[in-house]
Amino acid sequence: MVSITTEPIDMNAAYQHVSTDAAGAITFFFGTVRDNTQNRPVERLEYEAYDRMALAKMQEIADEAGQRWDVRKYAIIHRKGNLAIGDIAVLIAVATPHRADAFDACRYIIDTLKQQVPIWKKEIFEDGQVWVDAHP
């Protein structure tokens, strides 16, 4: 499952999606909105995405992870729109028979997503705003 949503990410639904008797390990990564960056208070984040291209690229990344590791199920969910401090911005879940593959595949997916997927983040401060990594 790959998804881009404006709604809060439901970690329990993601767990239900990736849960399988064939997996002895399920890893999760949650990217959350923190309250500061470089010692500067953050009020909120805004994410924008080129949905069609982002979803296709997310699927490519998931497919590549499945070729490298024994991934039985996965979920890649990214939010867009306005996010408050503490919100989950991105969720990666990977189910594999063994933990090493689950950890490796999960890390590969989030690292590659941040490098290649056309999703852009704007940090909003009390005194201004800045786009972060404007182009994947």
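Bear in mind the structure is a predicted one, so any value in this text is a computation, not a measurement.

Caption draft 1: The arrangement of the packing of aromatic side chains in detail. Going through the model one piece at a time under the given rule, you end up with 2 aromatic pairs. Taking the centre distance of 5.5 Å and the plane angle of 10° together, the rings of Phe28 and Phe30 count as stacked. Judged by its relative accessible area of 32%, Phe30 falls in the partly exposed class. Seen in terms of ring centroids, Trp69 and Tyr108 are 5.5 Å apart; in terms of plane orientation they differ by 55°. Their pairing is tilted. With Trp69 in the loop between helix H2 (51-68) and strand E6 (73-79) and Tyr108 in helix H3 (residues 99-116), this residue pair connects regions lying 39 residues apart in the sequence. With respect to burial, Trp69 and Tyr108 carry one shared label: buried. The cationic tip of Arg40 hangs over the ring face of Phe125; the distance from NZ or CZ to the ring centre is 3.8 Å.

Caption draft 2: Focus on the pattern of salt bridges. A complete count under the given rule lists 9 salt bridges for this structure. The partner of Lys80 in a salt bridge is Asp51, with the nearest N and O atoms 2.7 Å apart. You can see Lys80 sitting in the loop between E6 and strand E7 (81-84) and its partner Asp51 sitting in helix H2, a full 29 residues away along the chain. Overall, the relative accessible area of 28% leaves Asp51 in the partly exposed class. Of the charged contacts, one joins Asp111 and Arg107 as a salt bridge, the two residues approaching to 3.3 Å between their closest N and O atoms. Here the residue Asp111 and the residue Arg107 both occupy positions in helix H3, the gap between them amounting to 4 residues, near one helical turn. The class of Asp111 is partly exposed, set by a relative accessible area of 34%. Look at the salt bridges and you will find they share partners, linking Arg44, Glu46 and Lys122 into a network.

Caption draft 3: Highlighting the packing of H2 against H3. Put simply, H2 and H3 touch, their axes get as near as 10 Å, and they point 145° apart. As H2 packs across H3, the resulting crossing turns out to be right-handed. Contacts between H2 and H3 involve Lys57, Met58, Ile61, Glu64, Ala65 and Arg68 from the first element and Tyr108, Ile109, Thr112, Leu113 and Gln116 from the second. For the contact of H2 with H3, the per-class residue count stands at 6 nonpolar, 2 polar and 3 charged.

Caption draft 4: Region of interest: the sheet that holds strand E5 (residues 44-49). Reading across from one edge, E7-E5-E9-E10 is the order of the 4 strands in this open sheet, with antiparallel pairing throughout. Strands at the two margins of the open sheet, each flanked by one partner only, are E7 and strand E10 (128-132). When the angles between neighbouring strand axes are averaged without regard to direction, this sheet yields 25°.

Caption draft 5: A look at unusual backbone geometry. Unlike most non-glycine residues, Gln38 shows phi in positive territory, near 50°. Relative to the helices and strands, Gln38 is located in the loop between strand E3 (36-37) and strand E4 (40-41). Even without being glycine, Asn39 reaches a positive phi, approximately 60°. Relative to the elements of secondary structure, Asn39 occurs in the loop between E3 and E4.

Criteria and cut-off values
- Residues numbered from 1 in each chain as written.
- Predicted model: local features only at pLDDT ≥ 70, side-chain atom pairs only at ≥ 80, totals over all residues.
- Heavy atoms only, no water.
- Phe/Tyr/Trp six-rings, centres within 6.5 Å; stacked < 30°, edge-to-face > 60°.
- Buried < 20%, exposed > 50% of the residue type's maximum accessible area, 1.4 Å probe, protein only.
- Helix = DSSP H or I, 4+ residues; strand = E, 2+ residues; numbered from the N terminus.
- Lys NZ or Arg CZ within 6 Å of the ring centre and 35° of its normal.
- Salt bridge = Lys/Arg side-chain N within 4 Å of Asp/Glu carboxyl O.
- Axes fitted to C-alpha atoms, helices over the stretch in contact; angles between N-to-C directions.
- Left-handed = near helix turned anticlockwise from the far one by under 90°.
- Contact = heavy atoms within 4.5 Å.
- Nonpolar A, V, L, I, M, F, W, Y, C, P; charged D, E, K, R; others polar.
- Pairing = 2+ DSSP bridges.

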